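Each chain, written out:
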Amino acid sequence: MAKTISAPRGTRDLLPEEAAAWNRVEAVARDLSRRYAFERIETPLFERVELFARGLGESSAAVEKEMFRVSGATGSDEERAEWALRPEPTAGIVRAFIEHGMHVRPGPLRLSLIGPMFRYDRPQAGRFRQFSQWDVEVVGDPGPAVDAEVIELAHRFYTEVGLTDVVVHLNSIGDAVCRPAYRQALVDYFSVHIERLTDDSRRRLQVNPLRVLDDKMLAADLTEGAPKSADHLCDECRAHFRQVLDLLDTLGVRHIVDHRLVRGLDYYTRTAFEFVIAGREGQQQALGGGGRYDGLVELLGGRATPGIGFGIGLDRVVIAMQEQGVSLPQASDLVAVVGFADDHADRLRVAGQLRDAGIAVRPDGSSRKLGKQLEAAAKVGAGWAVIVGEELRTGLVGLKNLHSGEQDSVAVEDVAARVSEGSALP
Ligand code: HAM
């Protein structure tokens, strides 16, 4: 036998037994995008490295350590240095916003996509090299009402897919006015404790001191004792944050103010948030996260435009649904078409008529005994069998309920109605 080939490390195959959960999360995401009036956008899976370096920040882990470089087979080293698979969608969406002059459209723009992201990280539980996100972005609205609206949207998503105990942690990390003083306060504080910092954090302290707070290797007392951004906000940022919190209270969204939450990407300003399962906070297992990025459009060459959005990690959501035992009702309206002899033409013809009527059909392609065909139909999850035989000359088929065993003769054109009436039965 030839040597087998396995999937690349950090990637996963979606097998049919997981399809019901994935169908549910994607359907809920699409339906919520519609109900919250988000329009679909798609951007390329790869972009210029420079877009991510500038947008997410040279010192963000996604850029510094996890960039997934790509080039063509004949690509030179320069080309390899030029492209990367997208680690996240916000930078690409903002690039498209600028490139297509979308600021002239009636706004604020509400944009959404579902798709794969790539980070060349060390694979571990819940951390993959290819993973899927549902992303939403509102471009052109300074908030604070829209901040509460998008947080409530994400919160509703977790509820509608069937998860319980998801809470949002949030913080305000200030803006261009008050951030510099806060950065300095962090530099002053951590410089005193420099010998207790990891190598990573010593480097971060130079480039982006906020991200030292994100270092999960630091002793808890060190990060807990650090200056809090909430204490350094300017009046506008403080009022903005207060209003977001009040609106979340009004909307009944359970939230926790988390002074250590700074997020891993550099574009954030003011509101920053992450969704976790209550009690599992420390495990780097956010089910989603996002925030405001009021400086990003300008940073990428557009005219100053505020923005806010989130990305929800659908792989982690599916895993959490499995852990919480979220039940996914199996549709029992699958119909198998079976027959007596080599009447495959009749089976396929009847299957076609049923499909015209919107029914999901699996015709049995074998010539084995009827009993075996019915057994096989039940095993693949069919709720019904349509039995094609002599009666077909008069337009009738046998319709057998594979759960109850009941059977009678039905006109082909009545099968669809009978199946959908009965499919609510177990
Ligand atoms: P992020 O926090 O980097 O934010 O990623 C969002 C979510 O994607 C995470 O909370 C997690 O659920 C999932 N995720 C991230 N990395 C992995 C991984 N390696 N394996 C599995 N799941 C992962 C962003 O990407 C921002 N673009 C969100 C945003 C949109 N902010 C404003 N607008």
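All residue numbers refer to positions counted from 1 along the written sequence of the respective chain. The predicted nature of this model means local features are confined to residues of pLDDT at least 70 and side-chain atom pairs, given and counted, to a pLDDT of 80 or more, with totals for whole chains, interfaces and linings taken over all residues. The side-chain numbers reported here are obtained from all heavy atoms of the structure, hydrogens and water having been left aside.

1. Here's the deal with the overall build of the protein chain
Consideration 1: Working definition: helices are DSSP H or I runs of at least four residues, strands are E runs of at least two. Numbering for both runs from the N terminus. Across its full length, the protein chain holds 15 helices and 16 strands.
Consideration 2: Along the longest, intermediate and shortest principal axes, the C-alpha atoms of the protein chain span 90 × 55 × 45 Å.
Consideration 3: Contacts spanning at least 24 positions in sequence make up 70% of the contacts within the protein chain whose residues lie at least 6 apart.
Consideration 4: The accessible surface values rely on the Shrake-Rupley method and a 1.4 Å probe; as for residues, cover is taken only from the protein chains in view. Entry remark: accessible area of the protein chain is about 21,000 Å², with carbon and sulfur atoms responsible for 52%. We call two residues in contact when some of their heavy atoms are within 4.5 Å.

2. Description of the side chain of Arg347
Consideration 1: Relative to the elements of secondary structure, Arg347 occurs in helix H13 (residues 344–356).
Consideration 2: Note on classification: 1.4 Å probe, protein chains only; a residue is buried when its accessible area is under 20% of the maximum for its type, exposed when over 50%, partly exposed between these limits. Exposure remark for Arg347: the relative accessible area of 1% places this residue in the buried category.
Consideration 3: At 2.7 Å, the side chain of Arg347 and the backbone oxygen of Asp364 are in polar contact.
Consideration 4: The residues touching Arg347, leaving out its near neighbours within four places in the chain, are Val337, Val338, Gly339, Phe340, Ala341, Asp364, Gly365, Ser366, Gln373 and Val388. Polar contacts, as counted here, are pairs of nitrogen or oxygen atoms within 3.5 Å of one another; within protein the pair requires one atom able to donate a hydrogen and one able to accept it, and residues that are adjacent in sequence qualify only if both atoms are side-chain atoms.

3. Here's the deal with the site of the ligand
Consideration 1: Close to the ligand lie 27 residues; Glu88, Thr90, Arg119, Tyr268 and Ala286 are nearest.
Consideration 2: At 3.1 Å, a side-chain N or O of Gln133 approaches an oxygen atom of the ligand.
Consideration 3: Tyr267 places a side-chain nitrogen or oxygen 3.0 Å from a nitrogen atom of the ligand.
Consideration 4: Those elements that provide at least two residues to the shell around the ligand are strand E6 (130–139), strand E10 (288–292) and strand E11 (307–313).
Consideration 5: Polar here means any residue other than Ala, Val, Leu, Ile, Met, Phe, Trp, Tyr, Cys and Pro, which are nonpolar, and Asp, Glu, Lys and Arg, which are charged; Gly is therefore polar. Classifying every residue of the shell around the ligand by side-chain character gives 10 nonpolar, 10 polar and seven charged. We call a residue near a given molecule or strand whenever any one of its heavy atoms falls within 4 Å of it.

4. Focus on the pattern of salt bridges
Consideration 1: When a carboxyl oxygen of Asp or Glu is within 4 Å of a side-chain nitrogen of Lys or Arg, the pair counts as a salt bridge. Taken as a whole and judged by the stated rule, the model has 31 salt bridges.
Consideration 2: Between Glu64 and Arg203 there is a salt bridge, with its nearest N and O atoms 2.8 Å apart. Here Glu64 is found in helix H3 (residues 61–64), whereas its partner Arg203 is found in helix H8 (residues 199–207), with 139 residues between them in sequence.
Consideration 3: Given a relative accessible area of 38%, Glu64 falls into the partly exposed group.
Consideration 4: Residue Arg238 is joined to Asp235 by a salt bridge in which the shortest nitrogen-to-oxygen separation is 3.5 Å. Of the two residues, Arg238 and Asp235 both sit in helix H10 (residues 235–251), three residues apart, roughly one turn of that helix.
Consideration 5: The exposure class assigned to Arg238 is partly exposed, which follows from its relative accessible area of 41%.
Consideration 6: Sharing partners across several salt bridges, the network here consists of Asp31, Arg34, Arg35 and Glu160.

In short, shape yes, function no, at least from these values alone.
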